[in-house]
Amino acid sequence: MSPRRTEAGGRIDRLRTIRFTFDGAPYTGHAGDTLASALLANGVTLFGRSFKYHRPRGLLTASVEEPNALVTVLRGEVREPNIPATMVEIYDGLAAISQNRFPSLAWDISAVNQLGGKLLSAGFYYKTFMGPVIGPLKGTRFWMFCEHFIRRAAGLGKAGTAPDTARYERMNAFCDVLVVGSGPAGLMAARAAADQGARVILAELEPHFGGSANWSGETIDGMPAADWAARAAGQLEGRDNVRLLPRTTVWGYYDGNTLAALERVTDHKETPGKGESRHRYWTIRAKSVVLATGSLERPLVFPGNDRPGVMLAHAAERYAIEYGVLPGDRIGLFTNNDSAYRAALALKKAGAVVVAIIDVRPELSSEMRKLAGETEAEILSGHAVIATEGGKALSGFKVQRFDMVNGALSGDARSIHADCLLMSGGWSPTIHLASQAGAKAEWNEALQAFLPPKPTTQQWIGAGAFTGSFSTAEAIAEGRAAGLSAAGATATPAALPAVEAAPGDPDPAPVFEIKAEGKSFVDFQHDVTADDVRLAHREGFVSVEHLKRYTTLGMATDQGKSSNIPGLAIMAEALGKPIPQVGTTRFRPPFSAVSIGSLAAERFGDLKPERLTPMHDWHVANGATMYSAGLWYRPMIYGHPGETIEQAYVREARGTRESAGIVDVSTLGKIAVQGPDAAEFLDRLYTNMFSTLAVGKARYGLMLREDGLAFDDGTTWRLGQQDFLMTTTTANAGKVMQHLEYFLDVIWPALKVHVTSVTDQWAGAAIGGPKARQILAACVSGTAVDNAALPFMGIVHGEIAGVPVMICRLSFSGEMAFEVYSGAGYGTHVWEALIEAGKPFGLVTYGLEALGTMRIEKGHVTGAEIDGRTTARDLHLDWMLSKKKPFIGSAMMDREGLIAPDRLELVGIVSLDNQPLNGGAHIVEELDEANPHGSLGHITACCYSPALGKYIALALVKGGKARRGTRAYVSDPLRNRFGPVEIVSNHFFDPDGSRMHG
Amino acid sequence: MLITCPYCGPRDVIEFTYQGDGNRQRPQPASQNLDAWNAYVYDRLNPAGDHNEIWQHSGGCRAHLRVVRNTLTHEISSTAFARGDHNSVARHRAEDKP
Ligand SMILES: [Zn+2]
């Protein structure tokens, strides 16, 4: 028998023994135990060390709000830190370790921090680590220097480094009524809504439905409340329109009644089922929500209130009734309200001795006197606990006469021997989700608590303790009414389950703190004391938001579930204002910690979709080094063994200009623009005319943005009177498509035009060079490809290797070149036929590097120059700006700043020292390596030009056109590259286009 | 946030792309009134309350919608196709349904 396990009672399965370890030591518990209840049953009271002072800490609570007993759970190589021991269900083989202690939990070196308490007071970090204003450790450098040591001393559990091998998944759910919380209110709401035929989801963060019914010791419908709850949950389970989600924390309330929940599916299992996810992240869209989230008991703030053995009254009651564990043999109770008397009686009945009940109120009601009498405890009304005694475990506490009107202590202090002290500072409704939903909490003076507000935009209804109705009878009535209302039914009178409960007034005395010598903790997890709050006030932090940030009150992993209201009360007293005037902070999601794994679910690793051209496999099989360009993968070079990248692209570009080269251009954006008004639409989109374009011809077009800056360029082919094929740059395909759709939908809805993205439907190969036409002639049937049949910018239809193709004679490389389009499925077939036909002519395959090299030689622009800052004039494309018609951007393109003479203009740059140039390098008039300055502009693209035998670049340079023929310097301090250059025209090679016109 | 596309029905906001202030008035294409163009391109309302917006159902039917959204509460009080003639089509479709 474990030392603290009661003889009988509790929901645990005493026939099933579970073996687990804590800090390496073996323990046993029973099925149904949490790690907290099992360790407590084994006599363990020390669970962790506190954040800042490394004070010994035990269990404060029995559920999700636990601030002290945080553990790290180990699963193989995977470690998960900062899990409340109260939320860990034990299983065979569970291994958990305590946190924030060195070298061991019982003997912790940093506990000396307690002696230097003043050092670590509020704002310690801000004050200390501003650092000296001069010297090697000035400012934040000092913080960086100290950080390593502080992080080791202060903090929580350590995250693991092993990859998490567990599966996580996401689910979407829709329902008429989501009920959050399954206490008597939630169960009644779910049943009432389900009876109306509504689709109901009932979410409960604990493993068992029933909430307080599981440990209240009350009687409902003539049976123990826990049995009533189990029966009610069982009845719901069989219904088609009800989904029960145990171990599911609803942690976020978002717009449109969308709620986020985390279901812990396998954390309680020794071995997860095959394919079972560890956590499931639910997105629940509910027509209506019933919030039956209950309330949280508050600690009292007094010296030594953090010593292991001091716990919330209801938590002790829960351990006794639900788990059959006595947290102590000799128990004291310190309270400001009636609710805790029931807890004392429960512990008495479970076998403990209740030594004393200390109540801050001078007078007790006759009902409370009667309850207290049943506990056989000494009753000390008008008293307060002013200190606790003991080391790592409680051995007793000191009491003194207390005047709750002025907080004064009087008379002699007296010690009472006890190993457990229950405390109760009243209850705060768990309004987190309602607060997230956007409404402001309202202070209730009688209950000394913030009550949920009225719903504003979101569709929710509250019930039970959540609304401040703390009795089970009220919860049952409100739950039913809320369920009916949420399901859209009107409430009708009905016989409700009868409740037998201990009496009591729900209103606590307005006492939050006992001011006496010693550290009185407000925020247990962040080690914030009442003095810290007052210090923050003295230092000028008067708003609750600033108070939180300065003291870190309520900012730990428990988000101040038990500390917010006491902290606020102490702040209010310091300010001399009532609590509602100090205000409360708004709760933010998540309600409790959420695993990152569940948020990511299946979305991990490389999330980028890969876009592959139809000829991708061929490229890879034929030695291409692939390069990722946006989502696309494109050949960079087809390197030969031993070649550098530069050698490869120089060979490819030279081969193209000497005989012929072929490149995959399938990635170009392609949009079918069709309809009676297609030509008119293109005239409005492009700066130049398309309505004058003959069928069977293509034209190079430029688009501007509405603000007059250059947007995108490409060729558009007129395939029929009302049928155009627009091509865009690879990078802008999506943006251009959206641009077209926007104008058709929003601006010019009268135009009869339909646009369709056909990028993926066409495979494209560009073949260029002096022998390109001969190669085509050798493999194309059904059409001639000579100059008469296929002039510059002409389009023909034919066949290659039995496959229909569309060929347009246009050139990006500056050579006589043709773009051959076929259906995507035939891409590789056509490509291979072209390669085969090209063999006798020395056809080379070339990649992006050679493509870039040849376009730089020709001075064509791409996204590096059309960078959202350049105009058509800057790029010497003003010849494309039609004066005959308005087009998008035409009204704005001539604004003063866009035609200024000192704008950055496109130029060519030639390296004069025969050294490579770099993209992003600056162009300057005078070289100053020590103090680089006076940038005229920058290089946008660079290469070694085999056609010129020089390193060349394109650049955007201030007043660039006028600088042609002048000398300047490249200044690139990042890469330590400085040297002389010549500014020239961007048209380096074959400026009159004789090669492509042939 | 849910946006009810007149064509596809209520869909999650992740399916949509915001395409700007729906109050913008584009001047006549040939207009030389730079002030009007400037207002169209650069001036935006920033109301605390109902706002006319253009959203594209980019992950769905790709239609542009005129959406009235409350910037304080994200409440959407109306949605319609930006392309007016589509609305009658959608209405006919809705009426066709049994
Ligand atoms: Zn749609």
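From a predicted model like this one, the values you see are computed outputs, not experimental measurements.

Enquirer: Break down the packing of aromatic side chains for me, with residues and values.
Expert: Residue and element names in this part refer to chain A. Per the counting criterion, the structure on display carries 21 aromatic pairs over all chains. Seen from their ring centres, tyrosine 53 and phenylalanine 521 are 6.3 Å apart, and the 70° between their planes marks the pair as edge-to-face. Taken together, the residues tyrosine 53 in the loop between β3 (48–49) and β4 (56–57) and phenylalanine 521 in strand β30 (residues 521–523) connect sequence positions 468 residues apart. Exposure remark for tyrosine 53: the relative accessible area of 2% places this residue in the buried category. For phenylalanine 521, a relative accessible area of 0% translates into the label buried. When the ring of phenylalanine 302 is compared with that of phenylalanine 334, the centres are 5.2 Å apart and the planes differ by 70°; the resulting orientation is edge-to-face. Taken together, the residues phenylalanine 302 in the loop between β16 (295–297) and β17 (310–312) and phenylalanine 334 in strand β18 (residues 330–335) connect sequence positions 32 residues apart.

Enquirer: So what's going on with the coordination of the zinc ion? Which residues, and what values?
Expert: Residues and elements named next belong to chain B. The zinc ion binds to the protein through Cys5 (SG), Cys8 (SG), His57 (ND1) and Cys61 (SG); the donor distances cover 2.0 to 2.3 Å. For the zinc ion, the four donor atoms are set out with angles of 105 to 117° between them, so the coordination reads as tetrahedral. Spacing between the donor residues of the zinc ion along their common chain follows C-x2-C-x48-H-x3-C. Looking at cysteine 5, the relative accessible area reads 1%, which means it is buried.

Enquirer: Residues and numbers for the sheet that holds strand β35 (residues 660–664) of chain A, please.
Expert: All names here are of chain A. The seven strands are arranged β42-β43-β44-β45-β41-β35-β46 in an open sheet whose pairing can be described as mixed. Pairing within the sheet leaves two strands with one partner each, and these edge strands are β42 (780–781) and β46 (843–845). For β35 and strand β41 (residues 762–768), the ladder comprises four bridges, and the chain directions are antiparallel. The residue bridging isoleucine 662 from the neighbouring strand is isoleucine 767, located in β41.

Enquirer: Break down the pairing of strand β5 (residues 70–75) of chain A for me, citing the residues and quoting the values.
Expert: Residue and element names in this part refer to chain A. Across five bridges, β5 lies against strand β6 (residues 78–84) in antiparallel orientation. Bridging across to β6, valine 71 finds its partner in isoleucine 83. Remark: two residues form the turn of the hairpin made by β5 and β6, two consecutive strands paired antiparallel; glycine 76 in that turn has positive phi of roughly 60°. With four bridges connecting them, β5 and strand β7 (residues 94–98) associate as antiparallel partners.

Enquirer: Go over the interface of chain B and chain A with me, naming the residues and quoting the values.
Expert: A common measure of how large an interface is: the accessible area buried when the components associate. With 27 residues of chain B at the interface, the matching set in chain A holds 22 residues. Taking both sides of the interface into account, the surface hidden between chain B and chain A amounts to around 2200 Å²; carbon and sulfur atoms contribute 52%. The three residues of chain B that bury the most area against chain A are Arg26(B), His64(B) and Arg83(B), which together make up 28% of that side's buried surface. Across the chain B-chain A interface, the total number found is four salt bridges. Glu741(A) is the salt-bridge partner of Arg62(B), the closest N and O atoms lying 2.8 Å from each other. Counting the contacts that link chain B with chain A gives 14 residue pairs in polar contact (both at pLDDT 80 or more). For the side of chain B that touches chain A, the secondary-structure elements that each account for two or more residues are α1 (34–42), β4 (50–56) and β5 (64–70) of chain B. Among the elements that take part in the side of chain B that touches chain A, α1(B) stands out by supplying six residues, more than any other.

Enquirer: Describe the domain arrangement of chain A, with residues and values.
Expert: Residues and elements named next belong to chain A. When the domains of chain A are assigned, the result is domain 1 (4–114), domain 2 (168–295 + 429–500), domain 3 (616–667 + 762–854), domain 4 (669–757) and domain 5 (896–997). Averaged C-alpha coordinates put domain 1 and domain 2 at centres separated by 28 Å. Across the boundary between the two partners, domain 1 contributes 10 residues, which contact 14 residues of domain 2. Between domain 1 and domain 2 lies a buried interface of about 970 Å² when both sides are counted; carbon and sulfur atoms form 44% of it. Of all residues in domain 1, Arg11, Arg75 and Glu89 give up the largest surface area on contact with domain 2, accounting jointly for 48% of the area buried on that side. Summed over the shared surface of domain 1 and domain 2, the number is two salt bridges. Among the ionic pairs, arginine 247 bridges to glutamate 89, the shortest N-O distance being 2.5 Å. For the side of domain 1 that touches domain 2, the class distribution of residues is four nonpolar, one polar and five charged.

Enquirer: Report on the pattern of salt bridges, specifying residues and quantitative values.
Expert: Residue and element names in this part refer to chain A. Counted by the stated rule, this structure contains 53 salt bridges over all chains. Between arginine 361 and aspartate 338 there is a salt bridge, with its nearest N and O atoms 2.7 Å apart. Within this pair, whereas arginine 361 is found in the loop between β19 (353–359) and α8 (366–375), its partner aspartate 338 is found in the loop between β18 and α7 (339–350), the two being separated by 23 residues in sequence. In this structure arginine 361 comes out as buried when scored by relative accessible area, which is 12%. A salt bridge links arginine 611 to aspartate 760, with the nearest nitrogen and oxygen atoms 3.0 Å apart. In this pair, arginine 611 is assigned in strand β32 (residues 611–612) and aspartate 760 in the loop between β40 (754–757) and β41, connecting sequence segments 149 residues apart. With a relative accessible area of 29%, arginine 611 lands in the partly exposed category. For aspartate 760, a relative accessible area of 47% gives the class partly exposed. One network of salt bridges, in which partners are shared, links Arg11, Glu206, Arg318 and Glu322.

Thresholds applied
Residues numbered from 1 in each chain as written. Chains lettered and ligands numbered in written order. Predicted model: local features only at pLDDT ≥ 70, side-chain atom pairs only at ≥ 80, totals over all residues. Heavy atoms only, no water. Phe/Tyr/Trp six-rings, centres within 6.5 Å; stacked < 30°, edge-to-face > 60°. Helix = DSSP H or I, 4+ residues; strand = E, 2+ residues; numbered from the N terminus. Buried < 20%, exposed > 50% of the residue type's maximum accessible area, 1.4 Å probe, protein only. Donors = N, O, S within 2.8 Å, 3.2 Å for Na, K, Ca; no water. Tetrahedral: all angles 85-135°; square planar, octahedral: opposite > 155°, others 65-115°. Pairing = 2+ DSSP bridges. Contact = heavy atoms within 4.5 Å. Buried area = accessible area lost by both parts, 1.4 Å probe. Salt bridge = Lys/Arg side-chain N within 4 Å of Asp/Glu carboxyl O. Polar contact = N/O pair within 3.5 Å; in protein donor to acceptor, adjacent residues only side chain to side chain. Domains from an automatic or database assignment. Nonpolar A, V, L, I, M, F, W, Y, C, P; charged D, E, K, R; others polar.

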